[in-house]
Amino acid sequence: MVTVRAPATSANLGSGFDVFGVALDRPADYVRAEPADETTIEITGVGSRYIPEDPEKNVIGAVADELGVTADVFLDNGVRPASGLGSSAASAAGAALALNELYDLGYTRRELVPVAAEGEAVVAGEAHADNVAPALLGGFTVVRDDGLTRVDASLSLVACLPEIVVSTSDARGVVPGSVPLSDVVETVGSAATLVTGMHRNDPDLVGRGLRDEIVTPTRAALIDGYEAVAEAALGAGATGVTVSGAGPAMLAVCREAESLAVATAMIDAFDDAGVDARGFQTRIGDGASVVGESP
């Protein structure tokens, strides 16, 4: 039996649409795998009633197929589905690492990234690694078709998750098909600033680097209260705010001393907009890890 803790993640980070991602040190999924003649999946935890246990419809079953193994898999889901915090990626990454360890398959974590991405395609519709890469490798990751780069960054973050749902299909549907060159130039500048900030562990540079005039404004419109929440976070000391993944979660960069104030301000602003929300004081964390029993 192998149990793996797989972290939530945040992708895009504003200026890095489909390219950037970070692992968060909380929340997380726990995936336990045991040898079996056929794959079965049992799910408990946050939003478990919305996650299919049929292996043909679940990312875990797809990962097992990719690896050519079968197992009884138990998922204690800690990352809410449809949150923008990489719920399906955490499950896929956790299953990939657990099954690799269980059957001593010998894959490196980097080699497991495309395996987990194929698993996540069951939910996302296509194999993409912007969430599964940080879920497996930790830190800040840059995903391209021709390779993967990782930076061992360390920054305080706040993830604020409102009790609303934004489907990935809706979030994809509002992404513009063409944009002015000036917006592209601005976003490229932000992306370069963010990467520099990650290398320096500089919250001011990373916060500035979240700025994006292409995707974030269209997705922010799907989140009730977004502008007021962003203003509240900045007023409480955040250096930058953006949509986490496809949303509805919002991600703020801050200094550790201001993390509680930023989280409180974001929750209160959502409350003023009539939306319940939960805040996670978190930071850029490690990738999936083999642990004992889930808590």
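Overview of the structure. (Residues numbered from 1 in each chain as written. Predicted model: local features only at pLDDT ≥ 70, side-chain atom pairs only at ≥ 80, totals over all residues. Heavy atoms only, no water.)

## Comments concerning the overall build of the protein chain
Along the protein chain, the regular secondary structure elements total 10 helices and 11 strands. Whereas a compact globule of 295 residues would reach a radius of gyration of roughly 19 Å, the protein chain reaches 18 Å, a difference of no more than 12%. In terms of its C-alpha atoms, the protein chain occupies a principal-axis envelope of roughly 55 × 40 × 35 Å. In the protein chain, which comprises 295 residues, the proportion classed as buried is 54%. For the protein chain, restricting intrachain contacts to residue pairs at least 6 apart in sequence, the fraction spanning at least 24 positions comes to 74%. Carbon and sulfur atoms form 47% of the exposed surface of the protein chain, whose accessible area is close to 12,300 Å². Each charge class in the protein chain can be summarised by its mean position, and for the 18 positive and 43 negative side chains these summaries are 6 Å apart. (Helix = DSSP H or I, 4+ residues; strand = E, 2+ residues; numbered from the N terminus. Rg over C-alpha atoms; globule rule 2.2 N^0.38 Å. Buried < 20%, exposed > 50% of the residue type's maximum accessible area, 1.4 Å probe, protein only. Contact = heavy atoms within 4.5 Å. Areas by Shrake-Rupley, 256 points an atom, 1.4 Å probe, with all protein chains shown as cover. Lys, Arg positive; Asp, Glu negative; His and termini not counted. Charge placed at Lys NZ, Arg CZ, Asp CG, Glu CD.)

## Structural notes on helix H1 (residues 59-67)
Burial of H1 is extensive: 7 of the 9 residues sit out of reach of the surface. Within H1 the residues assigned to the buried category are Val-59, Ile-60, Gly-61, Ala-62, Val-63, Ala-64 and Leu-67. Put simply, Asn-58 is the residue that caps the front of H1, since its side-chain oxygen is 2.7 Å from the backbone nitrogen of Ile-60. At the exit of H1 stands Gly-68, carrying a positive phi of roughly 75°. (Polar contact = N/O pair within 3.5 Å; in protein donor to acceptor, adjacent residues only side chain to side chain.)

## Notes on the state of the cysteines
This structure, assessed with the given rule, holds 0 disulfides. The structure places no disulfide on Cys-160, whose sulfur is separated from the nearest cysteine sulfur, that of Cys-254, by 12 Å. Among the residues examined, Cys-254 registers a relative accessible area of 1% and is labelled buried. (Disulfide = S-S within 2.5 Å.)

## Observations concerning unusual backbone geometry
Here the amide bond leading from Arg-26 into Pro-27 is cis, since omega sits at 0°, within 30 degrees of zero. The residue Pro-27 is located in strand E2 (residues 20-35) in this model. A cis amide bond links Gly-247 to the next residue, Pro-248, at an omega of 10°. Note on placement: Pro-248 falls in the loop between strand E8 (240-243) and strand E9 (250-254).

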